[in-house]
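Chain residues, written in single-letter form:
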Amino acid sequence: MSDYQKMWQDLGMDMEQHDMLCQVLPSAVGDVFLSQENRPKSMDFWDLVISEVHGIRPAELIEEQKKGRKVFGTFCVYVPDEVVVAANGIVTGLCGGSQFWVPGGEAVLSKSTCPLIKASVGARLGKTCPFFRIADIYVGETTCDGKKKAYEILGEDVPLYVMDVPQMKRPQDIIKWKDEIATFAKKVEEFTGNKLTVENLNKAIHIINEKRKALARVYNCRKSKCLPISGRDALLMMQISFFDDPERCAKMCNRLADELEERIAKGISVVPEGTKRILVTGTPLAVPNWKLHNIIETSGAAVVCEEMCTGTRYFENLVDETKESLDEQFMALSERYMKTNCACFTPNRGRIDDILRMVEEYQVDGVIDCSLKFCCLYDTEKRAVSQALKAKGVPVLSLETDYTDTDAEQLRTRIGAFIEILNG
Amino acid sequence: MIKHFIGLDIGSTYTKTAVINENKELLQLVFKPTGWNGAETAEQVRQELADKGIDLAEAKIIATGYGRVSVPFAQKCVTEITCHGKGAAFVYGKPNLTIIDIGGQDTKIIQVLDGAVNDFVMNDKCSAGTGRFLEVMAKTLSVDIAQLCDLASQGGNTSISSMCTVFAESEVISLIGRGEKRENIAFAVVDSIVKKVASQAKRMITPGSFLCLTGGLSESQYLLNALSKELRTPIASHPHGRYAGAIGAALLALNL
Ligand code: SF4
Ligand code: SF4
């Protein structure tokens, strides 16, 4: 990665700390991904991107910035990419998934904050993530309390805009979110200097829809009993899709889906017949958080679906592309986004229905419901998830974890015992 | 012909070994501290069994417990949850039961239906509500765990509020400083672990379930009574209770 030294320096990064971070990544990638057998060839793209995660894409973003484009950093799948893309802006995900950044966040946040928030704040304050340095503006949102307060701290030294996400899903809330999107659009126009038009917004809606369809195609292949891709590889693809250019992302996912469909036709599976199929649900798994998938898949089961924001919640439901005024388009956006079922909402029966549906669609043998430590919302919802699944006779294991490795053995025992139950 | 089926349960504190024959008759039970190195302990067990005429090369062996991966001569590793469930159902001769196992590192509640594990809960990585908690508190009072339970049976009227081992230890120290009777402090310590374990167990217990306590602490009658009172259900214990995991592993070795 040496070619990027100058770029990182120009970004004002803490080079010494960043070197330490870069040292741990290659062995993690080797252990989790490269050690797998019989991987789809098309994963080469994501292997390359992750091996230079702080190099390739950041360099592209900087090139685009030189042409006058603005980079928007986001933290939640409720923030509508379409609006930014329509104004010729670029969106990049900013959620932190490494323990490396947690202590930096802990220095300024309440102890009882989830590691995702701690890591995100730590990545910003520690100057060890190029994406956090590159983003011209951060877009936050009023979802959970931890994030709301963290944005106040993040906003101290970077432009920050917060969208007011509703807490319920009544008709008036959908209208409220539409208005909020319209207000955000004004901010985006002002920040990029580009006007939104029906044409450019419809084009952006189309681009993001195509990306969703491509991700869905890959997930569709995971529904097959002949499993053509591991959960770890699918997760990596999903995580990188938050950072990539949406059109290239769609192209690469479609290329992968082509290969997976061919594998299914030929009967090529990454696991032996009868391997138990796990649906993972809960809080998002930000890069490079691969702990859960890695433990499950090295304990003899396979992850076939993630009901998560780094999973189905990112691509399910499309935006209507046929609207002819900005107002109608904003409404179409609101309707699509408000279908995303996050535990920040109440009630949130939709998530339970999604999980039950996915258990059928993905031919799931057992569900692992895992939340990050101190995420009160998803933790509380475990009860409803587990009751609904048990009522249908679907085995479920509820877990709580963070970004450290200290509980890996405990998790291995629990997950191992769960898989032993499934194997009967 | 294979004559011996062996289960090795390498726990964080003790290693338990059970040897059975193909008729599921118990031939040997071996108990020893785990020490620093699981592999070394496993080797000692191998020696001890060899001295008793049990040749491991001629046996089917399953390892379980915390140190299960460090047994070079085991043919398979199975988690302690599955083994405990299987073993306890066998020891008690009941296909349906709920097991409370207070171990050194973790406390597990295991629900067994038709002789196999149906569901379980396990405490998270902190040591509240585990054997470690009692061990630390006993040390603070300069007694062992058995003495701690004896003392507790004569005490009362004191409580500690913190679930966290580290904070609870400071609470105990300040109780000592205040001149509180040791019996009362011991009572508070046992009472706190009983409440913690009971609250975990409540989610798993259905009316009429047969409850049993396994693990080293199952030998304390006082703890058993206190837990049973808290859960308002009789709880059984068995001299072989602490071998449940090893026995379960040996039974599973029959299918290898
Ligand atoms: S879990 Fe909720 S708050 Fe977090 S990214 Fe998803 S929708 Fe947003
Ligand atoms: S995991 Fe929970 S606490 Fe953490 S950011 Fe997401 S909703 Fe908030």
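(A) How the structure looks around the site of ligand 2. Taken together, Cys114(A), Ile117(A), Cys144(A), Lys147(A), Thr283(A) and Cys375(A) form the complete shell of residues around ligand 2. Of the residues contributing to the shell around ligand 2, the split by class is four nonpolar, one polar and one charged.

(B) Broad picture of the site of ligand 1. Ligand 1 sits among Phe75(A), Cys76(A), Val77(A), Tyr78(A), Thr143(A), Lys147(A), Cys309(A), Arg313(A), Cys342(A) and Tyr378(A). Residue composition of the shell around ligand 1, grouped by class: seven nonpolar, one polar and two charged.

(C) Looking closely at the confidence of the model for chain B. In the predicted model, chain B carries a mean pLDDT of 89, and the fraction of residues at 70 or more is 98%. This complex was scored by the predictor with a pTM of 0.92 and an ipTM of 0.85.

(D) Structural view of the packing of aromatic side chains. Residues and elements named next belong to chain A. Evaluation of the coordinates by the stated rule reveals 17 aromatic pairs over all chains. Ring geometry for tyrosine 4 versus tryptophan 8: centroids 6.0 Å apart, planes at 40 degrees, classification tilted. Here tyrosine 4 and tryptophan 8 have matching classes, each one buried. Plain terms: the ring middles of phenylalanine 132 and tyrosine 138 are 6.0 Å apart, the flat faces sit at 80 degrees to each other, and that makes the pair edge-to-face. We note that phenylalanine 132, like tyrosine 138, is buried. One aromatic cluster in this structure is built from Phe75, Phe132, Tyr138 and Tyr151. The ring of phenylalanine 191 carries the charged tip of lysine 70 above its face, separated from the ring centre by 5.9 Å. A cation over a ring is seen here: arginine 222 above tyrosine 219, with NZ or CZ 4.7 Å from the ring centre.

(E) Structural context of the nonpolar core. Counting residues in each nonpolar core, the largest one holds 181 residues, and the members touching the most others are Trp46(A), Phe184(A), Trp290(A), Ile296(A), Leu333(A), Leu389(A) and Ile415(A). For this core, the element with the highest residue contribution is helix 11 (residues 198-221) of chain A, accounting for 10 residues. What Phe184(A) contacts, discounting residues up to four positions off in sequence, is Val79(A), Pro80(A), Val83(A), Val84(A), Val139(A), Tyr161(A) and Met163(A). With 36 residues, the next largest nonpolar core counts Ala188(B), Val194(B), Val197(B) and Met204(B) among its residues.

(F) Quick look at the pattern of salt bridges. Residue and element names in this part refer to chain A. All chains considered together, the criterion is met by 53 salt bridges over all chains. Lysine 178 is paired through a salt bridge with aspartate 179; the nearest N and O atoms lie 3.7 Å apart. Here aspartate 179 falls in the partly exposed class, since its relative accessible area comes to 40%. Each of Lys223, Glu316, Asp354, Arg357 and Glu361 takes part in a single network of salt bridges with overlapping partners.

(G) Quick look at the sheet that holds strand 7 (residues 366-372) of chain A. Residues and elements named next belong to chain A. Strand order across the open sheet formed by four strands is 6-5-7-8, with parallel pairing between neighbours. Two strands close off the open sheet at either side, each with one partner strand: strand 6 (301-307) and strand 8 (396-401). Neighbour-to-neighbour, the strand axes of this sheet turn through a mean angle of 25 degrees, independent of strand direction. Sheet topology note: the strand 5 (residues 276-282)/strand 6 ladder contains six bridges and is parallel. Each bridged residue has a counterpart across the sheet, and for isoleucine 278 the counterpart in strand 6 is valine 303.

Rules behind the numbers
- Residues numbered from 1 in each chain as written.
- Chains lettered and ligands numbered in written order.
- Predicted model: local features only at pLDDT ≥ 70, side-chain atom pairs only at ≥ 80, totals over all residues.
- Heavy atoms only, no water.
- Near = heavy atom within 4 Å.
- Nonpolar A, V, L, I, M, F, W, Y, C, P; charged D, E, K, R; others polar.
- pLDDT = per-residue confidence, 0-100.
- Phe/Tyr/Trp six-rings, centres within 6.5 Å; stacked < 30°, edge-to-face > 60°.
- Buried < 20%, exposed > 50% of the residue type's maximum accessible area, 1.4 Å probe, protein only.
- Lys NZ or Arg CZ within 6 Å of the ring centre and 35° of its normal.
- Core = buried A, V, L, I, M, F, W, Y, C linked by side-chain atoms within 4.5 Å.
- Helix = DSSP H or I, 4+ residues; strand = E, 2+ residues; numbered from the N terminus.
- Contact = heavy atoms within 4.5 Å.
- Salt bridge = Lys/Arg side-chain N within 4 Å of Asp/Glu carboxyl O.
- Pairing = 2+ DSSP bridges.
- Axes fitted to C-alpha atoms, helices over the stretch in contact; angles between N-to-C directions.

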